[in-house]
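Survey of secondary and tertiary structure
As a plain string of letters, each chain reads:
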Amino acid sequence: MKQLPGRSRPRWQQQLISGLVFGLGLVLMAALLPVVLPILLIAGLLAGLALIPILRQLRNELEQLDQVQKTSSERIPMDVTPWQQKLWDRWKASLNRRS
């Protein structure tokens, strides 16, 4: 690529500036780590606790499906619509009923 006309910084100056920016970023990350790390750990703990009932329900549904499939030889149709899509559809249906 051609260099546009005008003054350009020497290579050593560019490397010095990029090294200073990198060092400043590293110092900033090291300073914020003790503040951010506990917040991230608490958020992860809360997310894990929120998943417990969801995973328990999923396990129960899979066990029920397994029992039904053992007793029945035909394939059982399942609704595989994601929960957020079901929620969106219910919300739209309730809006249509009101109007």
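Calculation notes
- Counting restarts for each chain, with residues numbered from 1 along the sequence as it is written.
- The predicted origin of the model limits local features to residues at a pLDDT of at least 70 and limits the giving and counting of side-chain atom pairs to 80 or more, whereas totals for whole chains, interfaces and linings rest on all residues.
- In computing side-chain properties, one takes all heavy atoms of the structure into account and sets aside hydrogens as well as water.
- When a carboxyl oxygen of Asp or Glu is within 4 Å of a side-chain nitrogen of Lys or Arg, the pair counts as a salt bridge.
- Strands are runs of DSSP state E lasting at least two residues, helices are runs of H or I lasting at least four, and both sets are numbered from the N terminus onward.
- Here the term buried applies to any residue with accessible area under 20% of the maximum for its type, exposed to any over 50%, and partly exposed to those in between, with areas from a 1.4 Å probe on protein chains only.

Topic: the pattern of salt bridges
Under the counting rule described, the total for this entry stands at two salt bridges. Ionic pairing is found between Lys70 and Asp66, a salt bridge with its closest N-O pair at 3.7 Å. Here the residue Lys70 and the residue Asp66 both occupy positions in helix α1 (residues 11-71), the gap between them amounting to four residues, near one helical turn. Residue classification places Asp66 among the partly exposed positions, given a relative accessible area of 39%. Ionic pairing is found between Asp79 and Lys86, a salt bridge with its closest N-O pair at 3.7 Å. A relative accessible area of 54% means that Asp79 is categorised as exposed. By relative accessible area, which is 30% here, Lys86 ends up partly exposed.

Taken by themselves, the reported measurements are silent on function.
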